[in-house]
Amino acid sequence: MPGPDLIVRNVRWQDELVSLWISQGVVQRLASPDEPSADGEQLHGEGMLLLPGLIDAHVHLREPGFEYKEDIASGLEAAARGGFSTVLAMANTKPVNDTAAVTALMRDRATRAHPYGPRLHPVGALTKGLAGQELAPLVELAEAGCVAFSNDGMPVANPDLFRRAMEYASDMGLVVIDHCEDPFLAEGTSMNEGRVSGLLGLKGQPVVAESMQVARDILLAEYLGLPIHLAHISCRQSVELIRWAKDRGVQVTAETCPHYLLWTEELLRGYNTLAKVNPPLRTNEDVLALRQAVREGVIDMLATDHAPHAAHEKEVPMDEAPNGISGLDTALSLSWSLVREGVLSLQDLITRWTVGPATRFSLPVNRFLPGDPADFILFNPDLEWTVTPESLHSKGKNTPCLGQTLPGRVVTHGIAGKVLFHNASAA
Amino acid sequence: MLWPHKDLLCISQLKTAEILHVFEMARRFAEINTRPVKKVPILKGKSVILFFVEPSTRTKTSFDIAGKRLSADTYSLAASSSSLRKGENLKDSALTLQAMHPDALVLRHQQSGASEFLAQRLSCSVINAGDGWHAHPTQALLDGFSLSEAWGDDMSGKTVLIVGDIAHSRVARSDVLLFTALGAQVRLCAPRTLLPAGVRQWPVEIFSNLAEACRGVDAVICLRLQLERQKAGLLPDLREYARTYGLGAGHLNRANPGVLVMHPGPMNRGVEIDAALADAENSLILDQVSAGVATRMALLFLFLTRKDASDSGDGPSGRSESHQPHPPLLQED
Ligand SMILES: [Zn+2]
């Protein structure tokens with residue numbers, strides 16, 4: 001057996017101090033912290049928390065077409081700093097990722113800008129131009145490297161077309177990700193429909209705009225016997241439908257985002273466009289239901305729905321502001337705050353950010369077993385940082401966290417055994 | 001009273017005593033409007049920009065007259081005739097306006113929150129003359145002033161009914177806050193499609209039957225129906241709306257004696273209100289117009305003569321002090 005190339009010494013994994021031995025890009029083994037070795041570069045973990053590299057199944061990197069909001073280089077930089085070794089990038093670029101050429105461009109830009117990772121896996125458009133009229137060439141997209149298909153941002157209203165898309169994608173063993181939103185109920189809305197929208201005089205989006213589509217998708221998935229993945233679930237009623245479907249054995253998986261676990265529509269008071277997302281922030285009742293669903297695994301994974309925008313785009317009245325929160329830089333700290341509050345266990349956090357998406361999208365994941373990809377982060381849970389525009393690596397500074405102090409920071413990030421950065425001063 | 005506010009964005013920022021102070025001032029200014037020479041020099045040298053991105057002749061004229069009667073210079077920026085039109089970035093509009101150094105900006109905008117947006121970026125006073133569906137505080141103050149002229153300032157024991165398109169009405173939202181603050185009972189009457197989300201948590205009684213809603217009320221405020229609500233699928237047709245929610249003489253028989261009828265204008269006669277009722281003796285509709293000028297004189301005076309305007313360090317980034325959004329409507333679930 002060859003010796004290790006890299007040893008990450010003195011890190012905490014499941015309440016024990018260990019060393020991570022890495023050889024040829026994969027985990028060789030976890031060893032006792034002071035077990036000597038003649039070979040291998042040594043990296044001192046200073047007792048930091050060792051976590052597998054995270055997977056974000058839902059980001060918008062804006063390239064091609066909207067590079068002023070974000071480009072693949074800056075988006076992946078934010079991913080790396082945020083602890084994400086792998087991201088799935090949505091297709092609502094310009095041009096839309098509905099041809100192999102766009103998929104290839106995205107992958108090429110990623111490997112040129114970040115040859116050692118994070119890895120970018122494109123999600124292909126479900127319909128041409130995301131127009132919801134005709135199927136996109138899903139085989140071509142899959143061959144070019146798309147790992148899933150979605151009309152994210154432009155939900156498919158036509159249930160027959162959606163059914164055919166699910167069927168066609170299944171021939172390649174790939175899953176459809178649905179942004180569940182009834183376009184009629186959601187038309188022209190800028191926040192959750194409820195008490196706050198009533199007071200602010202804004203047109204609200206009712207929760208049934210989401211849950212009706214969740215129900216549709218579940219019923220189609222059951223009828224067809226095919227899987228479906230539901231993106232960024234935001235409300236209690238959707239959670240109840242997903243729980244019901246899972247009990248029936250429907251192949252449904254779902255994600256939610258840190259912002260739906262932490263914030264409510266109350267954040268929109270004062271016309272705070274930084275808190276404008278789609279689906280919108282809901283009520284406390286929804287937050288509690290989502291937290292429980294993440295704990296219980298009814299929600300399989302966390303995702304950021306990283307949606308960067310330029311500052312001037314958000315500095316407008318509420319109706320005009322685009323939807324989205326820049327999420328990659330802050331996601332782990334925000335979800336760590338839930339661990340600190342006892343809402344989630346450390347194991348929940350790791351599973352929802354790694355095994356959950358890896359299982360759904362057939363991606364490799366690091367469980368620290370011999371042969372697993374050596375994607376890891378060292379996380380300092382005690383380090384607090386204040387979110388400022390300068391502290392974010394994404395071009396998108398659009399987050400309601402600005403000015404807040406968040407707990408925990410990624411100190412080191414290694415992908416396939418290559419250390420992307422090691423910030424010893426933050427350890 | 002030392003006027004503590006930089007901006008007037010929403011009734012919820014005003015304490016009851018401050019509302020009554022506006023009435024008191026309006027009462028004094030109303031007298032000027034009956035003189036042969038209707039002009040006093042107290043705001044001489046002050047400049048007020050009337051920025052009406054969403055057109056409104058009535059409110060703009062009212063502010064214009066109010067300003068001129070106090071000798072302020074008023075400037076109208078018609079949204080359509082300048083670069084400051086719908087579609088231009090509102091922040092750029094704000095910076096342009098700031099560079100003109102006005103003392104106050106009166107803003108009408110089709111988007112909820114637009115006045116708060118500008119207030120955060122301008123060092124001058126911003127007076128909300130209607131923003132989207134959100135708030136129309138000067139209309140509420142003139143409605144309140146009109147009724148206080150009839151009833152006195154203490155409105156406890158009085159019941160005010162607001163009929164019509166509550167969901168899309170900035171007047172209704174502001175009136176509810178104002179009349180509740182003055183101690184009146186407020187009732188709303190509308191089809192379910194024209195009630196806002198969360199209205200059941202407001203401190204009001206809700207009716208869908210106009211005859212029932214009118215029983216024992218002391219004032220009825222009819223709201224203008226935007227004719228496009230029918231196209232939006234919120235009601236089947238105007239005839240049915242008029243038949244079900246149009247105020248008629250029969251309804252008023254159930255109200256308290258001396259019931260007063262109001263309308264923020266402009267009216268669709270025969271739709272939300274029977275034509276004859278608008279002109280009847282107990283109609284306050286024209287009094288509201290006069291009250292509007294007096295109330296806006298009072299407001300311009302209060303905002304333009306506030307002593308601490310420049311020395312309190314209340315810069316462009318300073319949020320409107322004590323603007324607690326909507327505390328009176330805030331109730332826990
Ligand atoms: Zn989406």
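Overview of the structure. Keep in mind that this is a model prediction, so the values were computed, not measured.

Here is what the cut-offs are and how they apply
Residues numbered from 1 in each chain as written. Chains lettered and ligands numbered in written order. Predicted model: local features only at pLDDT ≥ 70, side-chain atom pairs only at ≥ 80, totals over all residues. Heavy atoms only, no water. Helix = DSSP H or I, 4+ residues; strand = E, 2+ residues; numbered from the N terminus. Buried < 20%, exposed > 50% of the residue type's maximum accessible area, 1.4 Å probe, protein only. Contact = heavy atoms within 4.5 Å. Areas by Shrake-Rupley, 256 points an atom, 1.4 Å probe, with all protein chains shown as cover. Axes fitted to C-alpha atoms, helices over the stretch in contact; angles between N-to-C directions. Left-handed = near helix turned anticlockwise from the far one by under 90°. Nonpolar A, V, L, I, M, F, W, Y, C, P; charged D, E, K, R; others polar. Buried area = accessible area lost by both parts, 1.4 Å probe. Salt bridge = Lys/Arg side-chain N within 4 Å of Asp/Glu carboxyl O. Donors = N, O, S within 2.8 Å, 3.2 Å for Na, K, Ca; no water. Phe/Tyr/Trp six-rings, centres within 6.5 Å; stacked < 30°, edge-to-face > 60°. Lys NZ or Arg CZ within 6 Å of the ring centre and 35° of its normal. Expected span 1.5 Å × (residues − 1). Pairing = 2+ DSSP bridges. Lys, Arg positive; Asp, Glu negative; His and termini not counted. Polar contact = N/O pair within 3.5 Å; in protein donor to acceptor, adjacent residues only side chain to side chain.

1. Quick look at the overall build of chain B
Here's step 1: Regarding its fold elements, chain B presents 12 helices and 9 strands.
Here's step 2: Taking all 333 residues of chain B together, the buried fraction comes to 56%.
Here's step 3: Taking as baseline every contact in chain B between residues at least 6 positions apart, the subset at least 24 positions apart corresponds to 75%.
Here's step 4: Accessible area for chain B stands at about 13400 Å²; split by element, carbon and sulfur atoms hold 51% of it.

2. As for the packing of helix H12 (residues 331–340) of chain A against helix H13 (residues 346–353) of chain A
All names here are of chain A.
Here's step 1: Running from N to C, H12 and H13 cross one another at 150°; their axes reach a closest spacing of 9 Å. Relative to H13, H12 is oriented so that their crossing is right-handed. On H13, the residues touching Ala-331, Leu-332, Ser-335, Trp-336 and Val-339 of H12 are Leu-346, Leu-349 and Trp-353.
Here's step 2: Class assignment of the residues belonging to the contact of H12 with H13 gives a composition of 7 nonpolar, 1 polar and no charged.

3. Describing the interface of chain B and chain A
Size of an interface, as often reported, equals the accessible area lost when the parts are brought together.
Here's step 1: Facing the 27 residues of chain B at the interface are 19 residues of chain A.
Here's step 2: By the criterion of area lost to chain A, the three top residues of chain B are Gln-111, Ser-112 and Ala-197 of chain B, representing 26% of everything that side buries.
Here's step 3: Put simply, chain B and chain A have 2 salt bridges between them.
Here's step 4: In this structure, Glu-315 of chain A engages Arg-121 of chain B in a salt bridge whose closest nitrogen and oxygen atoms are separated by 3.1 Å.

4. Details of the coordination of the zinc ion
All names here are of chain A.
Here's step 1: Surrounding the zinc ion are the protein donor atoms Asp-152 (OD), His-179 (ND1) and His-232 (NE2), which sit 2.0 to 2.6 Å from the metal.
Here's step 2: On the primary sequence, the residues serving as donors to the zinc ion are separated as D-x26-H-x52-H. Within this pair, whereas His-179 is found in the loop between strand E10 (176–178) and helix H5 (183–186), its partner His-232 is found in the loop between strand E13 (228–230) and helix H8 (236–247), the two being separated by 53 residues in sequence.
Here's step 3: Given the relative accessible area of 4%, His-179 is considered buried.

5. Regarding unusual backbone geometry
Here's step 1: Cis geometry is adopted by the peptide bond preceding Pro-118 of chain A, which originates at Gly-117 of chain A and carries an omega value of 10°.
Here's step 2: Note on placement: Pro-118 of chain A falls in the loop between helix H2 (100–113) and strand E8 (119–125).
Here's step 3: The omega angle of the peptide bond from Gly-265 of chain B to Pro-266 of chain B is -10°, so this bond is cis rather than trans.
Here's step 4: If you trace the backbone, Pro-266 of chain B turns up in the loop between strand E9 (260–262) and helix H11 (275–279).
Here's step 5: The phi dihedral of Tyr-271 of chain A falls on the positive side, at around 60°, and the residue is not glycine.

6. Quick notes on the environment of Leu-200 of chain A
Here's step 1: Looking at the secondary structure, you find Leu-200 of chain A in helix H6 (residues 195–200).
Here's step 2: Sequence separation of Leu-200 of chain A and Gly-270 of chain A is 70 residues, and the distance between their C-alpha atoms is 8.3 Å.

7. Regarding the packing of aromatic side chains
All names here are of chain A.
Here's step 1: If you walk through the whole model with that rule in mind, you get 7 aromatic pairs over all chains.
Here's step 2: Considering the side-chain rings of Trp-336 and Phe-379, the 5.3 Å spacing of their centres and the 70° angle between planes classify their relative orientation as edge-to-face. With a gap of 43 residues between them, Trp-336 in helix H12 and Phe-379 in strand E16 (residues 376–386) connect regions that are remote in the sequence.
Here's step 3: Classification of Trp-336 by relative accessible area gives buried; the value is 9%.
Here's step 4: Above the face of the Trp-21 ring, Arg-29 is positioned so that its terminal group lies 4.4 Å from the ring centre.
Here's step 5: For Arg-81, the ring lying beneath its charged end belongs to Phe-421, and the centroid distance is 3.9 Å.

8. Thoughts on helix H7 (residues 208–224) of chain A
In an α-helix, one full turn covers 3.6 residues, which means residues spaced three or four apart are oriented alike.
Here's step 1: With 17 residues, H7 of chain A extends 23 Å between its outermost C-alpha atoms, agreeing within 8% with the 24 Å of an ideal straight helix rising 1.5 Å per residue.
Here's step 2: Every buried residue belonging to H7 of chain A is among Ala-209, Glu-210, Ser-211, Gln-213, Val-214, Arg-216, Asp-217, Ile-218, Leu-220, Ala-221 and Leu-224 of chain A, and all of these are buried.

9. Let's talk about the sheet that holds E8 of chain A
Residues and elements named next belong to chain A.
Here's step 1: Overall, parallel pairing links the 8 strands, which are arranged E6-E7-E8-E9-E10-E13-E14-E15 in an open sheet. This sheet does not close on itself; its edge strands, each paired only once, are strand E6 (54–59) and strand E15 (301–302).
Here's step 2: With 4 bridges connecting them, strand E7 (residues 84–89) and E8 associate as parallel partners. Across the sheet, Leu-88 pairs through a bridge with His-121, a residue of E8.

10. Some remarks on the sheet that holds strand E8 (residues 219–222) of chain B
Residue and element names in this part refer to chain B.
Here's step 1: Spatially, 5 strands are ordered E7-E6-E5-E8-E9 in an open sheet, and the strand pairing comes out parallel. Looking at which strands have only one partner, the edges of the open sheet turn out to be strand E7 (205–207) and E9. When the angles between neighbouring strand axes are averaged without regard to direction, this sheet yields 20°.
Here's step 2: In terms of strand pairing, strand E5 (residues 159–163) meets E8 through 4 bridges, oriented parallel. Bridging from a neighbouring strand, Leu-161 pairs with Val-220 of E8.
Here's step 3: Each of E5, E8 and E9 is contacted by helix H5 (residues 137–151), which is oriented at about 165° to E9, the strand it contacts most.

11. Quick look at the pairing of strand E5 (residues 49–52) of chain A
Residues and elements named next belong to chain A.
Here's step 1: Here E5 shows two buried faces, one formed by Leu-49 and Leu-51 and the other by Leu-50 and Pro-52.
Here's step 2: Sheet topology note: the E5/E16 ladder contains 4 bridges and is antiparallel. If you follow Leu-49 over to E16, its bridge partner there is Phe-379.

12. Observations regarding the side chain of Asp-305 of chain A
Residue and element names in this part refer to chain A.
Here's step 1: For Asp-305, the location among the structural elements is in the loop between E15 and helix H11 (311–314).
Here's step 2: Look at Asp-305: it is buried, it has no salt bridge, and the nearest opposite charge is Arg-62 at 7.2 Å.
Here's step 3: Looking at Asp-305, its side chain comes within polar contact range of the side chain of His-60, at 3.0 Å.
Here's step 4: If we skip the residues at most four places from it in the chain, Asp-305 touches His-58, His-60, Asp-152, His-232, Cys-257, Asn-278 and Ile-325.

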